[in-house]
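Structural description and commentary
If you want the building blocks of each chain, they are given just below.
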Amino acid sequence: MSYFGTDGIRGKFGELPITPDFILKLGYVTGQVLIENNSNPARRPSVVIGKDTRLSGYVIEGALQAGFNASGVDVHMLGPLPTPAIAHLTRSFNADAGVVISASHNPYYDNGIKLFSGDGKKLTDEMQSAINDKLQVIMSIDSSDDAMPILDPSQLGKNNRINDAKGRYIEFCKGSFPYQYDLSHLTVVLDCANGAGYSVAPRVMRELGANVIAIHNTPDGLNINADCGSTHPESLQKAVLEHKADVGIALDGDGDRIVMVDEAGKLVDGDGILYVLATQGQTKAKGVVGTLMSNMGLELALKADNIEFTRAKVGDRYVMHELEANGWILGGEPSGHILCLDKSRTGDAIIAGLQVLAVMQARGRALSDLVEGFEVLPQKLVNVRLSQMQDPFKHPELVETFDKAQATLEGRGRLLIRQSGTEPMIRVMVESDDEIECDVMANDLADHIKAVLS
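These numbers were taken from a predicted model, which means no experiment stands behind them. (Residues numbered from 1 in each chain as written. Predicted model: local features only at pLDDT ≥ 70, side-chain atom pairs only at ≥ 80, totals over all residues. Heavy atoms only, no water.)

Before going further, it helps to examine the overall build of the chain. Counting secondary structure elements, the chain contains 14 helices and 18 strands. In summary, the chain has a C-alpha radius of gyration of 23 Å against a globular reference of 22 Å for 454 residues, a match within 12%. C-alpha extents for the chain along the principal axes are approximately 70 × 60 × 40 Å. Scored against the burial criterion, the 454 residues of the chain give a buried share of 55%. A total accessible area of about 19,300 Å² is found for the chain, and carbon and sulfur atoms account for 48% of it. Charge centroids of the chain, computed over 42 positive and 60 negative side chains, lie 4 Å from each other. (Helix = DSSP H or I, 4+ residues; strand = E, 2+ residues; numbered from the N terminus. Rg over C-alpha atoms; globule rule 2.2 N^0.38 Å. Buried < 20%, exposed > 50% of the residue type's maximum accessible area, 1.4 Å probe, protein only. Areas by Shrake-Rupley, 256 points an atom, 1.4 Å probe, with all protein chains shown as cover. Lys, Arg positive; Asp, Glu negative; His and termini not counted. Charge placed at Lys NZ, Arg CZ, Asp CG, Glu CD.)

Right, dumping it as C-alpha cells:
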C-alpha cells in the first residue's frame, strides 16, 4: 500500500491519512529517513515547513513539527507561503527537505502534505518509497506498543520560526523580472484565491510598480478556493472589465497554478501562457513540454513557429522529467502549472505571471495580441461510467474503432482515451478543427465503449 498519490499525501482532514496521529508519525519516519541519508553526521538534518491558509494547517503543522523533533530533526517554520516559495527556501536554507501543508485547489476541508528534496524538487521516488515503507511498519504497530521510541532530550530537534520568509521570497520573485522593465503602466487585477499567495503576490506586483487591484485576498481559513482563484476565474474576468484593467491573474490555493485574463475579459489558460512565453519571450524556446491534456492547437501553433513540442503524462513531475531529458526550460499544463526552469525549479504562478507581463512590456502589446497566433481547437470530453473498472484497450473491436477515429483526425485533431485512476470511468476526449465532428465523434465513441463494456 502506498500512502503517496501523484501529488503527495492528500485527503479530508480528520480521516486517514490526514489525521494528527498519522501526520505525527509521518514527520517522525521522514525524519528517520533524513537522518539515515545524512552525509554529514556533524550537522543535524533540518526541514522547512510552510502551509496555505486552511484552518487545519495549524493542527497539521504542530503534528509534523513534533514528529520531526522527536526523530532528531530541526524545523524552520515559514508560515503561510506559496508552494514554490517553500521549494525556493528549502534550497536557500540548505535544508534537507521542504514540506508544504496544502491541498492546492481543493476545498477547505481537504488538506495534504507535499515533500521537496533538498534541491527544491519533488521528492525522489527512492526517498518516497523509503518513507512509505517505514509508514507501513509504524502504522501496523499497536498504539500501546513503542511505535515511536523517544530520543534522549539532548538529541531532540529544535524549532525556529523564520520571520523574514515572505520578504526573502518576494525578492526572489522580483529578481526573475527583467531589470530594464517595470509595471508602472499596467493595471493588474490579482485573484489570490484566499490562499497562500494572498500576501506576497500583491506585494511583488506593487513593488515592481503595477497598479494592483487585489481580490479574494482575505483568507479566513475556510474560504480558500471558494468560487475564486484559477479554478473559478469568472469573478476575475468580471473584475478586469469593471476596472478596465490591462490584465488579470488568478492563482490557486497554494500558488503554483496560474490562469490569466486579457483586457477584454477573455481567459488565457496554461496552454496560452506557454504559447506566449515560447514564441515571444526573451529567448525563443527550443522546445516545450505539455501533457496529454494540452490542446492540439498549442502543438500546431508551436510547430508553425518551428518549436518542438512533446507530451508528458498529466502531472508536473512528469513535465519536469521530460524537460530535463530534452534539456529544455519551458513546460506546463492547461490547468496552469507552468515551469520556467531558467527562473525557478518548480511551477510558480507569480514568476510565470511576471514573465508574461515582461513580454507585454517588451513588445508593447496587450495580452490579447500576444495570443493571436494560438487557436484553441474545439474539444469534447465525455465520461463513460462503468459498474467496474475495465481496460478498453483489451478489447480488439474497441481498439480498431479508436484507430479508425484517430486516422480520421490525423493532422488536424486527436483522440485521447483514458481510464480514471480513482473510479470506474473511461474518459473520451476528442479535439478537431471541426466542432460538429468533434461532438459527434466523442459521443459515438462513448456509446460504443458503453455497449462493449457494460
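Our next topic: helix α6 (residues 200–207). The periodicity of an α-helix, 3.6 residues per turn, causes residues three or four positions apart to be oriented the same way. When α6 is considered as a whole, its buried residues turn out to be V200, A201, P202, V204 and M205. At the C-terminal side of α6, G209 shows a positive phi close to 105°.

What follows covers the sheet that holds strand β8 (residues 211–215). Taken in spatial order, the five strands make up an open sheet running β8-β7-β9-β10-β11, and their pairing is mixed. Two strands in the sheet have a free side with no partner beyond their single neighbour: β8 and β11 (267–268). Where strand β7 (residues 187–191) meets strand β9 (residues 247–251), four bridges bridge the pair, whose relative direction is parallel. For V189, the partnering residue across the bridge sits in β9 and is G248. (Pairing = 2+ DSSP bridges.)

This part covers the packing of aromatic side chains. The geometry of an aromatic ring pair comes down to the distance between the two centres and the angle between the two planes. This model, assessed by the stated rule, comprises five aromatic pairs. Summarising the aromatic geometry, the rings of Y3 and F22 are spaced 5.0 Å apart at their centres and angled 50° between planes, so their arrangement reads as tilted. Placement of the pair is Y3 in the segment before β1 (9–12) and F22 in helix α1 (residues 20–36), with a sequence separation of 19 residues. Positioned above the aromatic ring of Y109 is the side chain of K12, whose terminal nitrogen or guanidinium carbon lies 5.6 Å from the ring centre. (Phe/Tyr/Trp six-rings, centres within 6.5 Å; stacked < 30°, edge-to-face > 60°. Lys NZ or Arg CZ within 6 Å of the ring centre and 35° of its normal.)

Along the chain, the position of D391 falls in the loop between β16 (379–385) and α13 (396–409). A relative accessible area of 24% means that D391 is categorised as partly exposed. Separated by 2.9 Å, the side chain of D391 and the backbone nitrogen of F393 make a polar contact. (Polar contact = N/O pair within 3.5 Å; in protein donor to acceptor, adjacent residues only side chain to side chain.)

This part takes up the sheet that holds strand β3 (residues 74–80). One open sheet accounts for six strands, arranged β1-β5-β4-β2-β3-β6; its pairing is mixed. Because the sheet does not close on itself, it has two edges, and the strands there are β1 and β6 (159–161). Averaged over all neighbouring strand pairs, the angle between strand axes comes to 20°, with direction disregarded. The pairing of strand β2 (residues 46–51) with strand β4 (residues 97–101) spans five bridges and is classified as parallel. Across the sheet, the residue bridging to V48 is G98, located in β4. Sheet strands touched by helix α2 (residues 56–71): β2, β3, β4, β5 (110–117) and β6. Its angle to β2, the strand with the most contacts, is close to 175°. Of the strands in this sheet, β2, β3, β4 and β5 touch helix α3 (residues 83–92), which is tilted by about 165° from β4. (Axes fitted to C-alpha atoms, helices over the stretch in contact; angles between N-to-C directions. Contact = heavy atoms within 4.5 Å.)

One side chain can pair with another of opposite charge once the charged atoms of both are near each other. Summed over all chains, the structure comprises 29 salt bridges. When the shortest N-O distance is used, the salt bridge between K122 and D7 registers 3.4 Å. One end of the pair, K122, is in the loop between β5 and α4 (125–140); the other, D7, is in the segment before β1, with 115 residues separating them in the sequence. Of the charged contacts, one joins E324 and K121 as a salt bridge, the two residues approaching to 2.7 Å between their closest N and O atoms. In this pair, E324 is assigned in helix α10 (residues 316–326) and K121 in the loop between β5 and α4, connecting sequence segments 203 residues apart. Residue classification places E324 among the partly exposed positions, given a relative accessible area of 40%. Classification of K121 as partly exposed rests on a relative accessible area of 24%. Each of the salt bridges in this network shares a partner with another, and the network as a whole consists of D7, R10, K114, K122, D254, D256 and D316. (Salt bridge = Lys/Arg side-chain N within 4 Å of Asp/Glu carboxyl O.)

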